[in-house]
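If you want the building blocks of each chain, they are given just below.
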Amino acid sequence: MLSQKKKKSSSRESSLSEDKVKNLLLEKDAKINSMQAEIAKLTNMLNNSSASSHVTSKTKRHHPLTAFGTTITEETSGMSQVRSRMGRHASISTANVLNALPDESEDQLAVRIVEMFKDPNKHLKYLKSEQFAMDILTMASRVRPVLEDEPRCIFLQSPCYVFGDIHGNLEDLHFFSDNIWRLGMSLTAGNFLFLGDYVDRGLSCLEVVAYLFAMKLLLPHKVFLLRGNHETRDVNGWEEHYGERSYIHQCRERFGEEVGYRVWEETNQVFDRIPLSAVIDQDIFCVHGGIPRAVSHESRIQDILSVPKVAGINPPYEHETEEYQQVASDCIWSDPASDEQEANGVDPNSGFGESLRGGGAICFGHKAVTNFLQQHGYSYIMRAHEAHAEGVAVSKGARVFTVFSTSKDHNQGSQAMAGCILVDFEKMKVINRSPAYKNKFVHRRDSVSLAGMTEAEIMQRAQLGLVTAADDVSDEEDYEDYEDYEEEEEEYEYLTSAANFQPFSSQR
């Protein structure tokens, strides 16, 4: 009887124990389900939230941010509110500035030129078409009044990039584009000043002229062009001397006798209107050749400002007087005197002498530089006109800077560099293209990149300056094909860097 009671008691305890376990399991399942529901809820909040939730140790807050902002302005009639969309990385003010910039997409002419400049190899048909000729003529007619309206000496503020001779070298111009105004000139701080000699010697003169005209039209208060001696008919029409590298030859070769001559003449009419000099920060005198001889008792700057706004120079128009033709000619032709000229050929009183170039050109020595700088209160002279393998050179007690922005076609060797100078308030920086910088679209004739092309395709590119001869280097230099050259990683990064930036002077 007792044993039966024990069995019943044991059976009840076992039953209670199973019920307890089941209850515990149910509780655990409920907690798990609750936690899963909470996780799902938090996940949805994170996924659907337009802004990060602010989480503290005590509370969780959600702060969604609208994509619109409200600009409040005070007007005579009361307060005005304007609702506008905010950019991801820009404020409303920045958006307004960007919207006010010229819209290149609306100018099909500018679009064609800019796209051509980015990669000429993709626009070979366009570059040899009548459309390209018509585009150049259209730009010439539009840019003439812009340049004629500018004074013969332009006054600029830094920061300002100063470029020397380009001479139809699209490759080096493209280097500067890739590394100085990579986002476009409109979004790059500062002005851009080109010191002349855009044509002759190189094979891409038409492309260079088209691009600079287009940028001047798009950014007339940011891009400034000065005149060089090759922007005269006597020089860029000298086909007997320059041959296929003459500007007039390239115009005729590309577009035919009639249209080619018209392109040459109408672009020269633009050249007739290009200013002669510029002054940066009332401290740096910029010109293609050098300082002019005085023709009046006022300042040399006033003499330059008195040059007619339409001047042929060489040859002159009938309305150009002899004295102001001399001023203009000195600006585009003169050079710093060499040491030998300083000793034997320079007038000790004026500081000027005859140039080795002949043809009435002059050179200027220490005395002329000192007189000019003191007369106007300037510190430096920046000019171009002479080739230098280093891209930038100094003379006359480091008061005269010579800038050369092409590394080709001047017998400077395969190690020559193209340079420019950044005038940045109280500092000046030299920017050079390393001779080992890998170009994108100009190749040697025996380059492996041309291996898959036919002879006709290679010749077509060669006529546009996009293929250079295999022996197109100085005999004194050993050419090294950097296109296939491999260096250690650190050295390679240096050689292919955008530029070697070096301060030229800590103080002006």
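As the structure is a computational prediction, the values presented were derived from the model and not from experiment. Residue numbers here run from 1 along each chain, matching the order of that chain's written sequence. Where local features are concerned, this predicted model is filtered to residues with pLDDT of at least 70; where side-chain atom pairs are given and counted, the filter is 80 or more; whole-chain, interface and lining totals use all residues. Working from all heavy atoms in the structure, the side-chain values ignore hydrogens and water.

Peer 1: I'd like to hear about the pairing of strand S18 (residues 427-432), residue by residue, with values.
Peer 2: Strand pairing is defined by DSSP finding a minimum of two bridges between the two strands. Per the convention used, a helix needs a DSSP run of H or I reaching at least four residues, while a strand needs a run of E reaching at least two, with both numbered from the N terminus. Sheet topology note: the strand S17 (residues 419-424)/S18 ladder contains 6 bridges and is antiparallel. Bridged to isoleucine 421 within S18 is valine 430. Connecting S17 to the antiparallel partner S18 that follows it, the hairpin turn spans 2 residues, and phenylalanine 425 within it adopts a positive phi of roughly 60°.

Peer 1: Please set out the sheet that holds strand S11 (residues 335-336) residue by residue, giving values where relevant.
Peer 2: Pairing is mixed across the open sheet formed by 3 strands, whose spatial order is S11-S13-S12. Looking at the sheet topology across the chains shown, the edges are occupied by S11 and strand S12 (352-354).

Peer 1: Before we move on, could you go through the UniProt feature "domain: Serine/threonine specific protein phosphatases" (unreviewed entry) in the protein chain and cite the residues and values that matter?
Peer 2: UniProt positions are given in the numbering used here, feature names are shortened, and annotations may be inferred rather than shown by experiment. Annotation from UniProt places "domain: Serine/threonine specific protein phosphatases" (unreviewed entry) at residues 226-231. Between the end C-alpha atoms of residues 226-231 the distance is 9 Å, and the span holds 0% helix and 0% strand.

Peer 1: Account for the environment of serine 177, naming residues and giving values.
Peer 2: Note that serine 177 resides in helix H6 (residues 170-179). Classification of serine 177 as buried rests on a relative accessible area of 11%. For the pair serine 177 and phenylalanine 117, spaced 60 residues apart in the sequence, the C-alpha separation amounts to 9.6 Å. Here a residue-residue contact requires only that any non-hydrogen atoms of the pair lie within 4.5 Å. Discounting chain neighbours no more than four positions away, the residues touching serine 177 are Phe117, Arg182 and Tyr211. The cut-offs for exposure are 20% and 50% of the maximum accessible area for each residue type, with area from a 1.4 Å probe on protein chains only; residues under the lower value are buried, those over the upper are exposed, and the others partly exposed.

Peer 1: Describe the nonpolar core, listing the residues and the values that go with them.
Peer 2: Here, nonpolar core refers to any group of buried Ala, Val, Leu, Ile, Met, Phe, Trp, Tyr and Cys residues whose side-chain atoms link them within 4.5 Å. In terms of nonpolar packing, the biggest core is built from 62 residues, with Trp181, Phe194 and Tyr247 touching the most fellow members. Leaving out residues up to four positions away in the same chain, tyrosine 247 has contacts with Val199, Asp200, Cys205, Leu206, Val209, Asn236, Val263, Trp264, Thr267 and Phe271. Formed by 26 residues, the second largest nonpolar core is a distinct cluster that contains Val279, Tyr324, Cys331 and Ile381.

Peer 1: Summarise H6; cite the residues concerned and give the values.
Peer 2: Within H6, 10 of the 10 residues are buried, leaving the element largely enclosed by the surrounding structure. Buried residues along H6 sit in contact with helix H3 (108-118), strand S6 (160-163), strand S7 (191-194), helix H7 (205-218), S17 and S18. Here a polar contact is taken to be a pair of N or O atoms separated by no more than 3.5 Å, where protein atoms must pair a possible hydrogen donor with a possible acceptor and residues adjacent in sequence count only if both atoms sit in side chains. Between the side-chain oxygen at the start of H6 and the backbone nitrogen of glutamate 171 there is a gap of 3.1 Å, and the oxygen is on asparagine 169.

Peer 1: Could you give an account of the packing of H7 against helix H11 (residues 257-271), naming the residues involved and the relevant values?
Peer 2: Helix axes are fitted to C-alpha atoms over the stretch in contact, other axes to C-alpha atoms as well, and angles between N-to-C directions run from 0 to 180 degrees. Running from N to C, H7 and H11 cross one another at 45°; their axes reach a closest spacing of 13 Å. Comparing the axis directions of H7 and H11 gives the class oblique. Once H7 is placed against H11, the crossing between them reads as left-handed. Between H7 and H11, the contacting residues are Leu206, Val209 and Phe213 on the first element and Val263, Thr267, Val270 and Phe271 on the second. Here is the rule for angles: anything less than 35 degrees is roughly parallel, anything more than 145 is roughly antiparallel, 65 through 115 is roughly perpendicular, and the remaining ranges are oblique. Put simply, a crossing is left-handed when the front helix is turned counterclockwise from the back one by less than a right angle, and right-handed when it is turned clockwise.

Peer 1: Could you give an account of H11, with specific residues and numbers?
Peer 2: Given a helix with a known number of residues, its expected span is that number minus one, times 1.5 Å. In this model, H11 (15 residues) spans 21 Å end to end at C-alpha, consistent with the 21 Å of a helix rising 1.5 Å per residue. What H11 keeps buried is the set Gly260, Val263, Trp264, Glu265, Glu266, Thr267, Asn268, Val270 and Phe271. Against the buried residues of H11 lie helix H5 (130-148), H7, helix H8 (233-236) and helix H10 (247-255).

Peer 1: With reference to specific residues and values, describe the sheet that holds strand S10 (residues 284-287).
Peer 2: Pairing in this open sheet of 6 strands is mixed, and the strands run S5-S9-S10-S14-S16-S15 from one edge to the other. Two strands lie at the open edges of the sheet, namely strand S5 (153-156) and strand S15 (392-395), each paired on one side alone. With direction set aside, neighbouring strand axes in the sheet form an average angle of 20°. Here 4 bridges tie S15 to strand S16 (residues 400-403), and the two strands are oriented antiparallel to one another. Across the sheet, residue serine 395 finds its bridge partner in S16, namely valine 400. This element, helix H15 (residues 366-376), spans S10, strand S14 (380-383) and S16 of the sheet and lies at about 115° to S14.

Peer 1: Provide a residue-level description of the side chain of serine 158, including the pertinent values.
Peer 2: When you line up the elements, serine 158 lands in the loop between S5 and S6. For serine 158, the side chain forms a polar contact with the side chain of aspartate 281, separated by 2.6 Å. A polar contact of 3.1 Å, which involves the side chain of serine 158, links it to the backbone nitrogen of phenylalanine 425.

Peer 1: Before we move on, could you go through the packing of H5 against H7 and cite the residues and values that matter?
Peer 2: Taken N-terminus to C-terminus, the directions of H5 and H7 make an angle of 45°; their axes are 9 Å apart at the nearest point. Compared by their axis directions, H5 and H7 come out oblique. The handedness of the crossing between H5 and H7 comes out as left-handed. In this structure, H5 uses Phe132, Ile136, Met139, Ala140, Arg142, Val143, Val146 and Leu147 to contact H7, whose residues at the interface are Leu206, Glu207, Ala210, Phe213, Ala214, Lys216 and Leu217. Think of it as three bins: nonpolar holds Ala, Val, Leu, Ile, Met, Phe, Trp, Tyr, Cys and Pro, charged holds Asp, Glu, Lys and Arg, and polar takes everything else, Gly as well. Of the residues contributing to the contact of H5 with H7, the split by class is 12 nonpolar, no polar and 3 charged.

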